[in-house]
Amino acid sequence: MKNVLTIAGADPSGGAGIQADLSVFAALGVRGLSVITALTAQNRREVYSTRNVSADFVAAQIESLLKEFRVDAVKIGMTGSAKNIKTIERLLREHHLEKVVFDPVMRSTSGHGLLNRPGIKAIRDILPILTLITPNLSEAASISGLPDIDDIKGMEEAASTIHSMGAPSVLVKGGHLQKAPVDVFFDGKRFYHFQGRRLKGKKERFHGTGCVLSASIAAGLAKGSKLEKAVQDAKAFLEKTLAERV
Ligand code: PLP
């Protein structure tokens, strides 16, 4: 069995964060290892407050797992702080961990900040050791330093800027576009557009969609899929998961 490590925040409602990642891993037949970077008090509608776990304790969690388990892929989600990102970067480098997918969570859909200010610089520093980064439109704008992104041209510009900052591959998620949701992928050689269907429903249904997507990409990579295939399969898995949610 392949082992996939998620390093992310805890979501008591289960739709996002560690809890969502572990249910994705179970559904996809990989063993889920989990390191908690932050606690949150939230339901599917709103985040009320958060507490970051200290970087030392994040390190202790990662190191204890690495003493026993081989890690076939890593998903990083909400980290909470620049210090946590730096610690994660150091340990991933020291242990030569590969197949790393980073969903650079900065803010909840309801508007609650989930990353401190210096976090953006730490995200830029970790880019070279990733396999893929999966920002949404506003995260892509923050990381690239480009102004507001609201169309495919802007998404392509952000993806190529983030690639030139060191990320081997970038998937800018278009779920927040006004028109049909298209995700833009760039691997330094070519752009690829993943078309999606706009699903209807209450916002609760879409809570944690980015978490589910990045966790299933990591699971696909662990099982040996090439990156584009892992993204394609993860999008199909996400659509199926959302269709089953109420
Ligand atoms: N809480 C945690 C722990 C998360 O990782 C995330 C998003 O990735 C959220 C909340 C935000 O979820 P959403 O914006 O999809 O409601």
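Our subject is the structure that appears above.
Below is a summary of the structure that appears in this document. Just so it is clear, the model here is predicted, and its values are computed rather than measured.

Cut-offs applied
Residues numbered from 1 in each chain as written. Predicted model: local features only at pLDDT ≥ 70, side-chain atom pairs only at ≥ 80, totals over all residues. Heavy atoms only, no water. Helix = DSSP H or I, 4+ residues; strand = E, 2+ residues; numbered from the N terminus. Rg over C-alpha atoms; globule rule 2.2 N^0.38 Å. Buried < 20%, exposed > 50% of the residue type's maximum accessible area, 1.4 Å probe, protein only. Contact = heavy atoms within 4.5 Å. Areas by Shrake-Rupley, 256 points an atom, 1.4 Å probe, with all protein chains shown as cover. Near = heavy atom within 4 Å. Polar contact = N/O pair within 3.5 Å; in protein donor to acceptor, adjacent residues only side chain to side chain. Nonpolar A, V, L, I, M, F, W, Y, C, P; charged D, E, K, R; others polar. Core = buried A, V, L, I, M, F, W, Y, C linked by side-chain atoms within 4.5 Å. Pairing = 2+ DSSP bridges. Salt bridge = Lys/Arg side-chain N within 4 Å of Asp/Glu carboxyl O. Expected span 1.5 Å × (residues − 1). Arc of directions from axis to C-beta.

As for the overall build of the protein
- Along the backbone of the protein there are eight helices and nine strands.
- In summary, the protein has a C-alpha radius of gyration of 16 Å against a globular reference of 18 Å for 246 residues, a match within 12%.
- Projected onto its principal axes, the C-alpha coordinates of the protein cover approximately 45 × 40 × 35 Å.
- Looking at the 246 residues of the protein, the share that counts as buried comes to 53%.
- By sequence separation, contacts in the protein at least 24 residues apart represent 67% of the contacts at least 6 residues apart.
- Accessible surface computed for the protein: about 11,500 Å², of which carbon and sulfur atoms make up 52%.

Digging into the site of the ligand
- Residues in contact with the ligand amount to 13 residues; listed here are only the nearest, Gln42, Thr109, His207, Gly208 and Cys211.
- For the ligand, a nitrogen atom lies 2.8 Å from a polar atom in the side chain of glutamine 42.
- Histidine 207 places a side-chain nitrogen or oxygen 2.6 Å from an oxygen atom of the ligand.
- Within the complex, 90% of the 390 Å² of free accessible area of the ligand lies under protein.
- Per-class residue counts for the shell around the ligand are six nonpolar, seven polar and no charged.

Quick word on the nonpolar core
- Residues Val74 and Ile133 are the most contacted members of the largest nonpolar core, which totals 46 residues.
- Excluding residues within four positions of it along the chain, valine 74 makes contact with Leu5, Ile7, Leu92, Leu97, Glu98, Lys99, Val100, Val101 and Ala218.
- Ala20, Val24, Ile217 and Leu238 belong to the second largest nonpolar core, which has 26 residues in total.

Considering the pairing of strand β3 (residues 47-52)
- Where strand β2 (residues 31-42) lies against β3, five bridges are found, and the strand directions are antiparallel. Paired with threonine 40 across the bridge in β3 is threonine 50.

Remarks on the pattern of salt bridges
- Counted by the stated rule, this structure contains twelve salt bridges.
- Across the pair lysine 75 and aspartate 21 runs a salt bridge whose closest N-O atoms are separated by 3.1 Å. Separated by 54 residues along the polypeptide, lysine 75 in strand β4 (residues 73-76) and aspartate 21 in helix α1 (residues 17-27) bring together distant segments of the chain.
- The exposure class assigned to lysine 75 is buried, which follows from its relative accessible area of 1%.
- For aspartate 21, a relative accessible area of 0% puts it in the buried group.
- The partner of aspartate 183 in a salt bridge is lysine 235, and the shortest N-O contact between them spans 2.8 Å.

Focus on helix α8 (residues 227-244)
- In a regular helix each residue adds 1.5 Å, so 18 residues correspond to 26 Å; α8 covers 26 Å between its end C-alpha atoms and thus fits that length.
- Among the residues of α8, Leu227, Ala230, Val231, Ala234, Lys235, Phe237, Leu238, Thr241 and Leu242 are the ones counted as buried.
- Of the surrounding secondary structure, the elements contacted by the buried residues of α8 are α1, β6 (132-133), β7 (170-172), β8 (182-186), β9 (191-195) and α7 (209-222).

Notes on the environment of glycine 32
- Position of glycine 32 relative to the elements: it lies in strand β2.
- Judged by its relative accessible area of 31%, glycine 32 falls in the partly exposed class.
- Expressed as a C-alpha distance, the spacing of glycine 32 and leucine 22, which sit ten residues apart in the sequence, is 5.6 Å.

Here's the deal with helix α2 (residues 55-68)
- A rise of 1.5 Å per residue sets the reference length of α2, with its 14 residues, at 20 Å; its end C-alpha atoms lie 21 Å apart and thus fit the reference within 8%.
- Listed in full, the buried residues belonging to α2 are Ala55, Val58, Ala59, Gln61, Ile62, Leu65 and Leu66. All buried residues of α2 lie within an arc of 160° about the axis, which places them on one face of the element. Exposed residues lying more than 90 degrees from the buried face of α2 are Asp56, Phe57, Lys67 and Glu68.

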